[in-house]
Amino acid sequence: MRLAGALLILLATMACARAETLITSLSNHRVLINSNYTGTQIAVFGAIERDAQTIARATGYDIVVTVRGPRQFLTVREKERLGPVWINQDQQKFPTAPSYLNVLSSRPITEITSDQLRQRQKIGLGAVINSGDFTLARGGADQPFRDALYRLKAEEGLYLEDERGVTFLTPEIFRAAIALPATAPPGNYDVDVTLFADTVILARTQTHFELVKTGFEEQVGVIARDWSLAYGLTTAAIALFFGWLASTIFRRD
């Protein structure tokens, strides 16, 4: 009887957890980068589905969309002025920092859920930057470097946060526009969509899109990567040739 009762409780819990489900789609899963590329936007569309037993919630829903670009190894250095020159002091390495990070929400994240849940589930720009995904914590000693990393990336337009970036078209259908500047690096981008109600996570889904170089730039990149020695020798030969040609043309007799 105890086992049957525990099973019923587990089934009921699972049913409650699946009361709402998220269905999401992107306007484009592949963005082509060419010589005329100046940035673009990708739209995220989503719908919230309830099962037959779930009634509409009185407080409504909230959505948080988190976009992470390709991982990269970054080093942030602290500089100090010594007379007329600047010298490097302490430094902090970020082995797996996202090259691009964008958080969009239906309203301010501080109003959507608690601080503890945000930190635990990495919801919001600050929670992601302060998580262990970036680097191992050093008892808070690395916080100035995390702040500096955010400041530098924000100046480049690569770390963004929009507290009104998600718009509900109906109580169950929403849309968000992901801005991709021209400086966004090529690679795979993860789009994490989280559904909230009454400060609690109800559902979570993830999708992806890709930024791909095309044309002459892509061919040069492939040659430089796969034929690095030949590429280096060729560029050196071209530089020597044009240097000799310039000296010949402008030579004074």
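Residues numbered from 1 in each chain as written. Predicted model: local features only at pLDDT ≥ 70, side-chain atom pairs only at ≥ 80, totals over all residues. Heavy atoms only, no water.

- For the protein, the name recorded in an unreviewed UniProt entry is TIGR02186 family protein, with Microvirga mediterraneensis as its organism.

**Comments concerning the sheet that holds strand β2 (residues 30-33)**
Turning to step 1, where the next piece is worked out: Ordered in space as β2-β12-β11-β4-β7-β8, the six strands form an open sheet in which the pairing is mixed. For this open sheet the edge positions go to β2 and β8 (159-162), each flanked by a neighbour on one side alone. For this sheet the average axis-to-axis angle between neighbouring strands, irrespective of direction, equals 15 degrees.
Turning to step 2, where the next piece is worked out: Bridging between strand β7 (residues 101-105) and β8 involves four bridges; their strand directions are parallel. Residue pairing for β8: V103 is matched across the bridge by E161. (Pairing = 2+ DSSP bridges. Helix = DSSP H or I, 4+ residues; strand = E, 2+ residues; numbered from the N terminus. Axes fitted to C-alpha atoms, helices over the stretch in contact; angles between N-to-C directions.)

**As for the pattern of salt bridges**
Turning to step 1, where the next piece is worked out: The full count for this structure, using the stated rule, is five salt bridges.
Turning to step 2, where the next piece is worked out: The partner of D62 in a salt bridge is R107, with the nearest N and O atoms 2.9 Å apart. With D62 in strand β4 (residues 62-68) and R107 in the loop between β7 and α2 (109-112), the pair connects residues that are 45 residues apart, well separated along the chain.
Turning to step 3, where the next piece is worked out: Residue classification places D62 among the buried residues on the basis of a relative accessible area of 8%.
Turning to step 4, where the next piece is worked out: Here R107 falls in the partly exposed class, since its relative accessible area comes to 28%.
Turning to step 5, where the next piece is worked out: R107 is paired through a salt bridge with E111; the nearest N and O atoms lie 3.5 Å apart.
Turning to step 6, where the next piece is worked out: Here the residues in one salt-bridge network are D62, R107 and E111, joined through shared partners. (Salt bridge = Lys/Arg side-chain N within 4 Å of Asp/Glu carboxyl O. Buried < 20%, exposed > 50% of the residue type's maximum accessible area, 1.4 Å probe, protein only.)

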